[in-house]
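What follows is each chain in one-letter form.
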Amino acid sequence: MTEISPAVALSGVNKWFGAHHVLRDVDLTVEKAEKIVICGPSGSGKSTLIRCVNGLEAHQQGTIHVDGIELTGAQASVDAVRREVGMVFQHFNLFAHLTVLENCTLAPIHVKRMGRAAAEDLAMGYLDRVRIPQLAAKFPGQLSGGQQQRVAIARALCMSPKVMLFDEPTSALDPEMVKEVLDTMAELARGGMTMLCVTHEMGFAREVADRVVFMDEGQVIEVAPPAEFFDRPRHARTKAFLSQIL
Amino acid sequence: MTRFVRADLVASRAPPAAIGGPLGWLRRNLFSSRGNTLTTLAILGLLAWALPIALRFLVLDAVWTGASGDACRPEVAGRPVGACWAFIADKINYLAYGSYPAAERWRPNLALALLALAAGWMLWLGAPRRDLGALFAFVAFPVSAYLLLAGAPSLGLPSVATGLWGGFLVTMVVATVGIVFSLPLGILLALGRRSRMPVVRVLSVGFIEFWRGVPLITVLFMANVMLPLFLPGDITVDRLLRPLVGIALFASAYMAEVVRGGLQTVPKGQEEAAAALGLSHAQSLRLVVLPQALKVALPGIVNTIIGLFKDTTLVSIVGISDFIRVLETSRADPRWSAATIPATAYAFAALVYFAVCFSMARNAGFIERRLAAGERR
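These notes cover the structure that comes with them.

Overview of the overall build of chain A
And step 1. Of the regular secondary structure elements, chain A holds nine helices and 10 strands.
And step 2. Its C-alpha atoms give chain A a radius of gyration of 18 Å, near enough to 18 Å, the size a compact globule of 246 residues would have.
And step 3. For chain A, the proportion of its 246 residues judged to be buried stands at 56%.
And step 4. The contacts of chain A with a sequence gap of at least 6 include a subset with a gap of at least 24, amounting to 65%.

Below you can see the structure in the form of structure tokens.
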């Protein structure tokens, strides 16, 4: 069963905030190792969509499966899904009272019950991979935005997720730091990680994504490989959106 | 339009030398403007007037030795008499322990040493096994201190009725019980007030608002006078325990609001990141939210603790022999009747309370700086 199940499968997903219909009949299947970039105007529901994938937001209709596990309202299913899914936030959300290393080892020690030494080895391995092992003893407040976001990526990787969610990972960064984060993400993509990225970085989408999803008003408007998406958009709204940002 | 292209980049230079030395400091800090100069002179004048008086009373004219009030009477001593420290020296055991049996006074001393150990373990940030330290401070220490003070005949410690406890001992007991119970209870109430469960939230808000809305002195009178009316005749609650419970509940309501203020400063993203990593709600609170919230709330927590320590003097009104009460009893002793005895007693009380509160404040300041050091940008 798990052999053939896609990494993430959303089917007929609907969500409301009060009376506001924020996700409308969303269907999306993400295969293993596939890289999806989700874009769209602000308020289009793209962040809400990926926050539904790890249960930070609850959907009200439809089904969400992650690696074959259905996300129901039950806490057990949410816990099971979160073991498979890592997430990187727009504002990093590093734990301000812990060092970089402690940020990375907290979940392995307390969720996976890993020994401290093993967790630290693991964390140093990932800090190496995002090229900031020398910052392990610093506190988040002492780091630049780009460095903080790379720590956030390492922190998520320490839980060995099968799927990574990125919620506008570069929109809170100064321009000169965007590249270091995108490079880290691209490297992760080359390593075969399944990724769902909400981003406005169209260069990244063109280079890394297997498919680009365009959302507006809570709906998926168009899904296409990047070359087709950027060069031959079909839907009028996609065309309008692309003409504004490119 | 002129065009500018920098030829040489400007290297970083040392800042110009500031006006140094003590004179420069004085001018910058005390005499920088006409208003500042006037304020400085006014304060210096006040000190010049008050300090000699205080010094003469507390030290120069003070009587240090003597066996009775005679030593502190000017007509007997043949000189002006200030503070009668001989009186304090004579009464010091009573002031410290009340009527606690002399042979058993090692027990309060040991309890105080355990208190120092608990406080040291909790407050010294580099201490090993601080999780064990918290367990000791909030579980092992209260139990063992109770057994030590009240006695446990099965362990070979004779019982000492709480009616015999007194003085600084009772003040420390009331303050420590207040702190040890109000802090955890306050944290629970603060979390309850933010709970998603309406019943928990309403109960927490109701509890907090009730205890904040009642004056402490009313609580103490209620505990002492009215509680026995509500209980069946054969159940009696210890006379010391009643105000203890009242003070702990009263302080927990204030503590809850201070902690809630701290909780509100922790961004929602912190909890979301913890949840996304798979931490349970309880783990997220314990490992991520509370450490940050309590750090922010620390000045307020210390403020509440210092207020609580001083509020313990109110128990003397409902007949508990706390430090103030034994001072009052002592100064009424006819053997020690002299003109400066009341002033001596109150000066001593002020010094003791100031010493305790000031050292708490300094300790807290030290911890705040230590906690902030790690995260300074």
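Once the structure has been displayed, the description carries forward.
Some words on the state of the cysteines
And step 1. For the structure on display, the rule yields one disulfide over all chains.
And step 2. Here Cys72 of chain B pairs with Cys84 of chain B through a disulfide, and the sulfurs are 1.8 Å apart. Here Cys72 of chain B and Cys84 of chain B share a disulfide; its torsion about the S-S bond, 65°, makes the bridge right-handed. Of this pair, Cys72 of chain B sits in the loop between α2 (34-60) and α3 (74-77) while Cys84 of chain B sits in the loop between α3 and α4 (85-97); the two residues are 12 residues apart in sequence, bridging distant segments of the chain.
And step 3. Judged by its relative accessible area of 1%, Cys72 of chain B is buried.
And step 4. Between Cys197 of chain A, a cysteine without a disulfide, and Cys39 of chain A, which holds the nearest cysteine sulfur, the sulfur-to-sulfur distance is 11 Å.

Describing the sheet that holds strand β2 (residues 20-30) of chain A
Residues and elements named next belong to chain A.
And step 1. On the basis of which strands lie adjacent, the open sheet formed by four strands has the order β2-β1-β4-β5 and antiparallel pairing. Of all strands in the sheet, those bounded by a partner on one side alone are β2 and β5 (69-70).
And step 2. Relative to β2, strand β1 (residues 8-17) is paired through seven bridges, and the arrangement is antiparallel. The residue bridging Val8 from the neighbouring strand is Val30, located in β2.

Side note on the pairing of strand β4 (residues 61-66) of chain A
All names here are of chain A.
And step 1. Both β1 and β4 contribute to a ladder of five bridges, which runs antiparallel. Counted as the bridge partner of Ser11 is Thr63 from β4.
And step 2. In this structure, β4 lies alongside β5, joined through two bridges in antiparallel fashion. Paired with His65 across the bridge in β5 is Glu70.
And step 3. Connecting the antiparallel pair β4 and β5 is a turn made up of two residues, with Asp67 showing a positive phi of about 55°.

So, the sheet that holds strand β9 (residues 211-216) of chain A
All names here are of chain A.
And step 1. An order of β6-β7-β8-β3-β9-β10 is seen for the six strands of this open sheet, with the pairing classed as mixed. In the strand order of this sheet, the two ends are held by β6 (85-88) and β10 (219-224), each with one partner. Strand-to-strand, the axes of this sheet are offset by a mean angle of 20°, without reference to chain direction.
And step 2. Taken together, the four bridges between strand β3 (residues 35-39) and β9 define a ladder with parallel strand orientation. Residue pairing for β9: Val37 is matched across the bridge by Val212.
And step 3. On top of the sheet, helix α1 (residues 46-53) reaches β3, β6, β7 (163-167), β8 (194-198) and β9; it is set at about 150° to β7, its chief contact.

Observations concerning the interface of chain A and chain B
Accessible area lost during the coming together of the parts is what is often quoted as the interface size.
And step 1. Each partner contributes to the interface: chain A provides 23 residues, whereas chain B provides 21 residues.
And step 2. Where chain A abuts chain B, roughly 1,900 Å² becomes buried across the two surfaces, and 60% of that area is made up of carbon and sulfur atoms.
And step 3. Taken together, the connections running from chain A to chain B amount to one salt bridge.
And step 4. For Arg51 of chain A, the salt bridge identified is with Glu272 of chain B, shortest N-O distance 2.7 Å.
And step 5. Summed over the shared surface of chain A and chain B, the number is six residue pairs in polar contact (both at pLDDT 80 or more).

A closer look at the packing of aromatic side chains
All names here are of chain B.
And step 1. Counting across every chain of the model gives 14 aromatic pairs over all chains.
And step 2. Centroid distance Tyr100 to Trp165: 6.5 Å. Interplanar angle 55°. Geometry classified as tilted. Here the residue Tyr100 occupies a position in the loop between α4 and α5 (106-123), and Trp165 occupies one in the loop between α6 (130-150) and α7 (167-193), the gap between them amounting to 65 residues.
And step 3. In this structure Trp165 comes out as buried when scored by relative accessible area, which is 6%.
And step 4. Between Phe323 and Tyr353, the ring centres sit 5.9 Å apart and the planes meet at 65°, which makes this aromatic pair edge-to-face. Of this pair, Phe323 sits in helix α13 (residues 323-331) while Tyr353 sits in helix α14 (residues 341-373), and the two are 30 residues apart along the sequence.
And step 5. Overall, Phe323 belongs to the buried group, its relative accessible area being 3%.
And step 6. Taken together, the ring pairs connect Phe168, Phe309, Phe323, Phe348 and Tyr353 into an aromatic cluster.

What counts and how
- Residues numbered from 1 in each chain as written.
- Chains lettered and ligands numbered in written order.
- Predicted model: local features only at pLDDT ≥ 70, side-chain atom pairs only at ≥ 80, totals over all residues.
- Heavy atoms only, no water.
- Helix = DSSP H or I, 4+ residues; strand = E, 2+ residues; numbered from the N terminus.
- Rg over C-alpha atoms; globule rule 2.2 N^0.38 Å.
- Buried < 20%, exposed > 50% of the residue type's maximum accessible area, 1.4 Å probe, protein only.
- Contact = heavy atoms within 4.5 Å.
- Disulfide = S-S within 2.5 Å.
- Pairing = 2+ DSSP bridges.
- Axes fitted to C-alpha atoms, helices over the stretch in contact; angles between N-to-C directions.
- Buried area = accessible area lost by both parts, 1.4 Å probe.
- Salt bridge = Lys/Arg side-chain N within 4 Å of Asp/Glu carboxyl O.
- Polar contact = N/O pair within 3.5 Å; in protein donor to acceptor, adjacent residues only side chain to side chain.
- Phe/Tyr/Trp six-rings, centres within 6.5 Å; stacked < 30°, edge-to-face > 60°.

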